[in-house]
Amino acid sequence: MRLHILGCTAATPNSIANPTAQVLETKRHMFLIDCGEGTQVQLRRQKLRFARINHIFISHLHGDHFFGLIGLISTFMLLGRKEDLHVYGPKGIKEIILLQLKLGNAYTPYKLYFHELTSNESEVLFEDNRIKISTIPLVHRVYTNGFLFQEKEVEFELNLDKLNELEIPVVYYQKLKQGGDIVVDDVLYKNELLTLKQKPQKAYAFCSDTKYSEAIVPIIKNCTALYHESTFLEKDAALAERTAHTTAKQAATIAKLANVDQLILGHFSSRYKNNEVFGDEAKTIFSNTLIARDGKTFEI
């Protein structure tokens, strides 16, 4: 998994930062998570092949999280896209986008599917043989979800020395990676003889705008990486409570309770001139804290 930060500022763009948008890249997929203003410009700047994006996840209908969506959909039209595009987001996202297309007398030459969300319980949105994507119900001023991306297929690391010694043909390698035993020239080889260890299963949790809520802890437990909004510092905790946002210290507390490996902070208020102070505050609770920045890529 590779996480590309396209934008991580709160509310409005500024000269050096864009509103929330990020791409999670896996072996088979490129998922777009939120689509704030300027998203497609950032995709181009980071040289990401956004034609690979077939699934877009919108956390909620505040503009700094989806105002870039109609522009991206329109660009796909101009580029002659043919592949289906799936948009997952709160009820109302379909009406907003289709109205913009209708009033512009435009249509998509590709199939555009909307999966509107209304549940306050975690639900599976997408699943194939490699990954499962579920919602993380959040607590904000409007209906909001985060998203959990969990690897399903866990490969085994091959013991190449043993494979070469026994002259095992390469055609059997994939089955061994998937944990299977093999039969070569009527000889059964057990998987544990030809592999070293199982690679750890990875999981990435994206927690967009939300007030402090320990209800999400069981859902994101033991994640490899957690992106959590940290709009304010603890000195402005009252403002965070009033606007249904989180402080850096509160985000770190969630990371600690959930026993995640890594915390990535984002969605910073422009009232603070130096985003490093968010990391300083969070590290007093959770040491493995990193700061999101436009254009930064994290290996998960």
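Residues numbered from 1 in each chain as written. Predicted model: local features only at pLDDT ≥ 70, side-chain atom pairs only at ≥ 80, totals over all residues. Heavy atoms only, no water.

Peer 1: Residue-level account of the packing of helix α2 (residues 69-78) against helix α3 (residues 93-103), with values.
Peer 2: Relative to each other, α2 and α3 sit at 55°, their axes nearing to 10 Å. Our classification of the angle between α2 and α3 gives oblique. Remark: the crossing between α2 and α3 carries right-handed chirality. Between α2 and α3, the residues in contact are Leu69, Ile70, Ile73 and Met77 and Ile93, Ile97, Gln100 and Leu101, respectively. By residue class, the composition of the contact of α2 with α3 is 7 nonpolar, 1 polar and no charged. (Axes fitted to C-alpha atoms, helices over the stretch in contact; angles between N-to-C directions. Helix = DSSP H or I, 4+ residues; strand = E, 2+ residues; numbered from the N terminus. Parallel < 35°, antiparallel > 145°, perpendicular 65-115°, else oblique. Left-handed = near helix turned anticlockwise from the far one by under 90°. Contact = heavy atoms within 4.5 Å. Nonpolar A, V, L, I, M, F, W, Y, C, P; charged D, E, K, R; others polar.)

Peer 1: Describe the packing of aromatic side chains, listing the residues and the values that go with them.
Peer 2: All chains considered together, the criterion is met by 13 aromatic pairs. Between Phe31 and Phe57 the ring centres are 5.9 Å apart and the planes differ by 65°, which places this aromatic pair in the edge-to-face class. Placement of Phe31 in strand β3 (residues 30-35) and of Phe57 in strand β4 (residues 53-57) is noted, with a sequence separation of 26 residues between them. The exposure class of Phe31 is buried, given its relative accessible area of 0%. Accessibility expressed as a relative area gives 0% for Phe57, which makes it buried. Pairing Phe50 with Phe76 gives two aromatic rings, centres 5.9 Å apart and planes at 50°, and the pair type is tilted. With a gap of 26 residues between them, Phe50 in the loop between α1 (39-45) and β4 and Phe76 in helix α2 connect regions that are remote in the sequence. Of the two residues, Phe50 and Phe76, neither departs from the other in class, the shared state being buried. Directly above the ring of Phe76 sits Arg81, whose terminal nitrogen or CZ lies 4.5 Å from the centroid. (Phe/Tyr/Trp six-rings, centres within 6.5 Å; stacked < 30°, edge-to-face > 60°. Buried < 20%, exposed > 50% of the residue type's maximum accessible area, 1.4 Å probe, protein only. Lys NZ or Arg CZ within 6 Å of the ring centre and 35° of its normal.)

On their own, these measurements won't tell you what the molecule is for.
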